Amino acid sequence: MAETGVYRTRFAPSPTGPLHLGHAFSALTGFDRAQACGGEFLLRIEDIDTARSRPEWETQIETDLTWLGLAWPRPALRQSLRRQLYAAVLAKLSGMGLTYPCRCRRGDIRAALSAPQTSTPVAGPDGLVYPGTCRGRSLAETGPEDAIRLDMRRALDRLGALPGFRETGPAHAGDHALDASTLVESVGDVILARRDIGTSYHVAVVVDDAHQGITEVVRGNDLFEATQIHVLLQALLGFPIPRYHHHRLILDENGKRLAKRDAARAVAAYRADGATPADIRTLVGL
Ligand code: GLU
């Protein structure tokens, strides 16, 4: 487990909408944790999904974070400029024999999973666990419309002893070991490169957390299940495994997680209504 002298965390928004109270809570939590121990807080713009990301949201995010009193080294790292690095890591995993091309669309996956002889579909961190239809296809057959998946069983065989990670967030505090049967049955062959963007959140986040020397990843509990994918990739790639701190989510009055479309909960909307940064801290329970 990575332990270095300097605490370093990051806030990693996707610029696909305004910063809302949930983001504010996440950024403030990371910033406060860094401040408390004289560590560093970084901003990373996760804009690999170019169809959904907008420069104006990026500007708005930086404006809102600055207004909240947060500071970080500039310029922030932008994932859209780092595609070659993600491609190199994908090539490395492929070179290890751990990937295969997949041409299944969502409908194909649903159809395969509803076939009479298959067991009940399981929902994993990325949606329905892939039934393995394309597993065994060779990379030489990769078509322009194919995604690239991780062969989970092979990845586990390759590692032998499985790594673990330390969690400091309240809901899951403690040491967690990866579990092979959970990874096979409840996570499965996750996508490492989407057909449209040539990479994936999982690859980009792991590459960048290593590159930025992140010692503790602070993010919402909704990503706790995805952490086992990240730790697995870190171990396969020989990257340090940071600590993780998953925090509670800010919910709306119906108990649902805030979404980008909840414009009323945008930090900018509260500011326009005269709220102060201290009011935002109070609103999110800090
Ligand atoms: N970009 C992700 C999001 O906005 C966060 C990723 C992370 O913190 O690992 O949900």
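Here the structure is a predicted model, which means the values were calculated and not measured.

## Considering the sheet that holds strand β1 (residues 8-11)
Read from one edge of the open sheet, three strands run β1-β2-β3, paired in parallel fashion. Both edges of this open sheet fall to β1 and β3 (77-78), since each of them pairs with a single strand only. One ladder, built from two bridges, connects strand β2 (residues 40-45) with β3; its direction is parallel. Across the sheet, the residue bridging to isoleucine 45 is arginine 78, located in β3. The strands touched by helix α7 (residues 201-211) are β1, β2 and β3; relative to β2, the strand with the most contacts, the crossing angle is about 145°.

## Things to note about the pairing of strand β11 (residues 216-220)
Burial analysis of β11 places five of its five residues in the buried class, the great majority of the element. Bridge count for β11 against strand β12 (residues 243-247) is five bridges, and the pairing is parallel. Among the inter-strand pairings, valine 217 is bridged to a residue of β12, identified as tyrosine 244. Handedness of the β-α-β unit built from β11, helix α8 (residues 224-237) and β12 comes out right-handed.

## A word on empty space enclosed by the protein
The tally for this structure, following the rule as stated, stands at one cavity of 30 Å³ or more. Here the largest cavity defines a volume of roughly 50 Å³. Around the largest cavity, the lining residues are Val206, Asp209, Ala210, Ile214, Gln234, Pro240 and Pro242. In terms of residues, the lining of the largest cavity owes the most to one element, α7, which gives three residues.

## Quick notes on the UniProt feature "domain: Glutamyl/glutaminyl-tRNA synthetase class Ib catalytic" (unreviewed entry) in the protein
The positions UniProt marks with the feature "domain: Glutamyl/glutaminyl-tRNA synthetase class Ib catalytic" (unreviewed entry) are residues 8-111 and 186-280. Secondary structure content for residues 8-111 is 46% helix and 15% strand, and the end C-alpha separation is 45 Å. In residues 186-280, helix accounts for 39% and strand for 14%; the two terminal C-alpha atoms are 37 Å from one another.

## Structural notes on the site of the ligand
Contacts to the ligand come from Arg10, Ala12, Pro13, Ser14, Glu46, Tyr201, Val205, Arg219 and Leu223. Taking arginine 10, its side chain carries an N or O atom lying 2.8 Å from an oxygen atom of the ligand. In this structure, tyrosine 201 approaches the ligand through a side-chain N or O atom, which is 2.8 Å from an oxygen atom. Of the residues contributing to the shell around the ligand, the split by class is five nonpolar, one polar and three charged.

Each value, and the rule that gives it
- Position numbers for residues start from 1 in each chain and track the written sequence from start to end.
- The model is predicted, so local features are restricted to residues of pLDDT at least 70 and side-chain atom pairs to those at 80 or more, both for listing and for counting; the totals for chains, interfaces and linings are taken over all residues.
- Water and hydrogen atoms were dropped before computing side-chain values, which therefore reflect all heavy atoms in the structure.
- Between any two strands, at least two bridges found by DSSP are needed for them to pair.
- By definition, any uninterrupted DSSP run of H or I lasting at least four residues is a helix, any uninterrupted run of E lasting at least two residues is a strand, and each is numbered from the N terminus.
- Any two residues whose heavy atoms approach within 4.5 Å are treated as being in contact.
- Orientation is described by lines fitted to C-alpha atoms, with helices fitted over the stretch in contact, and by angles between N-to-C directions that extend from 0 to 180 degrees.
- Only protein chains enter the accessibility calculation, which uses a 1.4 Å probe; a residue is then buried when its area is under 20% of its type maximum, exposed when over 50%, and partly exposed in between.
- Handedness of a crossover is defined as follows: orient the strands so they point away from the viewer, and if the path from the first strand over the helix to the second runs clockwise, the crossover is right-handed.
- Cavities and pockets were defined on a 1 Å grid built over protein atoms only: a cavity is a set of grid points that admits a 1.4 Å probe from which the probe cannot escape, a pocket is an open set flanked by protein on both sides within 12 Å along at least five of seven lines, and lining residues are those with an atom within 4 Å of any such point.
- Grid points are joined across faces, edges and corners, and a volume is the space filled by probe spheres set on the points.
- UniProt positions are given in the numbering used here, feature names are shortened, and annotations may be inferred rather than shown by experiment.
- Residues are classed as near a molecule or strand on a simple rule: at least one heavy atom within 4 Å of it.
- Polar contacts here mean pairs of N or O atoms no more than 3.5 Å apart (in protein, one a potential hydrogen donor and the other a potential acceptor; neighbouring residues in sequence count only if both atoms are side-chain atoms).
- Any residue outside Ala, Val, Leu, Ile, Met, Phe, Trp, Tyr, Cys, Pro, Asp, Glu, Lys and Arg is labelled polar, Gly included; the first ten of those are nonpolar and the last four are charged.

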